Amino acid sequence: MNFILKRDKTMENKNLNDKITLKNGSELKNRLFKSAMSEQLGDKDHNPTSKLVKLYKAWGDGGIGVSISGNVMIDRTALGEPRNVVLDDKSDADKFRSWTKAGTSNKTHFWAQLNHPGKQSPKFLSKSPVAPSAVSLRGGLKNAFNTPRELTEKEILEIIKKFATSAKFAKEYGFTGVQIHSAHGYLVNQFLSPHHNRREDGWGGSFEKRTRFVVEIYKAMRKKVGNDFPVSIKLNSSDFRDGGFTIEEAIKIAEILDKEGIDLIEISGGSYENPNMMGKPGDEKEGYFIEYAAKIKEKITAPLVLTGGFRSAKGMISALNSGATDMIGIARPLAVETDFPSKVLNDIDYKIYLPHLSTGIKALDSMVMIGLTWYEYQMYRIGKGKKVNPKQNAWSSALQTLWRVGVHAFKQRRA
Ligand SMILES: Cc1cc2nc3c(=O)[nH]c(=O)nc-3n(C[C@H](O)[C@H](O)[C@H](O)COP(=O)(O)O)c2cc1C
């Protein structure tokens, strides 16, 4: 049935099926945006596998307007996870082209999320991870991540270049846009944070200097891909920690990037230290960061995407009509129902119920790890051409991931 006919009369005239046009003229076919989920389905050389091809074809066919890849690393010596995909001059062009062909099926925009983990590269992958300053992750995370060393200026400039090179290859290999991962405590976010960035040179010490890294990355990418190719960013609304990056700063950064010409801004929040991006246990709020998004949206002209917690068509429409966001970011529901977008686009009463993942041990349940491995396991199944298994219990998906990716996949998230 046609969505418009089914629409509740109390809803304003704004719906999930509406197209949206970016500043550069690119048209997005609807308001639904697949947020990045690291799939851990790269091969041993960090190229995309046939499982990724199958997974993104399913998402493309499922009706999503924009599909963001799981984080793709810009430097093969700095990984966040063992099976990350890397995009650089050693990447296999044909394997990437197969992936982008599948991801862009059904007129879907398919954008690569480009990332450098900085200090959030686990011990078994990085003896000496890099960061703006030598500040270690706190609490239990100390066991999983080595204390980082401070980047030299030369290295900072090289990393900026690598982001730009990855963006260039993304365009060449068929992605229809890119996204800078500047959220969740990874390197770009570390530069923005006064807690993690204690530098007193040209890259830290004041708000402007902390912001320089992301602005330079944006400009370098833009130079490589031109004005017609969408360049977007995933930004934290706040780090939700003392001395971290605040909403006031998020607003200012969004304004700066908006003026520089960024095509779209996605809003999330939190980090490994405070995983607010996943919501609080039992939290049923749709749009975890909606109040923050509303404040940012007021100040920018680029479309804004709000991610976190959306589970129902009504919740999504209500967020759009609140004026806080232009698009709806969705992650976990898509690992369970690849056609979740088609369902919410066609049925205003549609809602997905995700399982409460519990190990039976309260202390363990508060960790991100169980939530991540369960969803990763579902993506792996889709990639293998199997049906998802929503009844899979939390422990067995963790053990499956352990078996598939190795003990390290478990260790890195133990904090
Ligand atoms: C398995 C998994 C992997 C994720 N990997 C990434 C990632 O690579 N990059 C990113 O920006 N966010 C990542 N996220 C966070 C999601 O993009 C999203 O912000 C979060 O899950 C909240 O949205 P949701 O409530 O719709 O799931 C991941 C989430 C999950 C469940």
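Structure's up top.
First, a word on what this report is: a plain description of the structure on this page. (Residues numbered from 1 in each chain as written. Predicted model: local features only at pLDDT ≥ 70, side-chain atom pairs only at ≥ 80, totals over all residues. Heavy atoms only, no water.)

1. Thoughts on helix α9 (residues 313–322)
One turn of the α-helix equals 3.6 residues, which is why residues spaced by three or four share an orientation. Among the 10 residues of α9, seven are classified as buried, and the element is accordingly described as predominantly covered. When α9 is considered as a whole, its buried residues turn out to be Ala313, Gly315, Met316, Ile317, Ala319, Leu320 and Asn321. Positive backbone phi, approximately 85°, marks glycine 323, located one or two places after α9. (Buried < 20%, exposed > 50% of the residue type's maximum accessible area, 1.4 Å probe, protein only. Helix = DSSP H or I, 4+ residues; strand = E, 2+ residues; numbered from the N terminus.)

2. Quick look at the pattern of salt bridges
All chains considered together, the criterion is met by 18 salt bridges. Here arginine 149 and glutamate 155 are joined by a salt bridge, their closest N and O atoms 2.7 Å apart. A relative accessible area of 34% means that arginine 149 is categorised as partly exposed. Here glutamate 150 makes a salt bridge to arginine 199, at a shortest N to O gap of 4.0 Å. (Salt bridge = Lys/Arg side-chain N within 4 Å of Asp/Glu carboxyl O.)

3. Side note on the site of the ligand
Taken together, 22 residues lie around the ligand, and Ala36, Ser38, Gln113, Gly309 and Arg332 are the ones closest in. Residue alanine 36 places a main-chain N or O atom 2.6 Å away from an oxygen atom belonging to the ligand. Side-chain polar atom of lysine 234 to an oxygen atom of the ligand: 2.9 Å apart, as the coordinates give it. When the free accessible area of the ligand is taken as 610 Å², the share hidden by the protein chains comes to 96%. (Near = heavy atom within 4 Å. Polar contact = N/O pair within 3.5 Å; in protein donor to acceptor, adjacent residues only side chain to side chain. Areas by Shrake-Rupley, 256 points an atom, 1.4 Å probe, with all protein chains shown as cover.)

4. Here we look at unusual backbone geometry
Unlike most non-glycine residues, asparagine 106 shows phi in positive territory, near 60°. Tracing the sequence through the fold places asparagine 106 in the loop between α3 (93–103) and β7 (109–115). For asparagine 106, a relative accessible area of 41% corresponds to the partly exposed category. Its identity is not glycine, yet phenylalanine 240 carries a phi of approximately 55°, on the positive side. If you trace the backbone, phenylalanine 240 turns up in the loop between β11 (231–236) and α7 (247–260). Looking at phenylalanine 240, the relative accessible area reads 24%, which means it is partly exposed.

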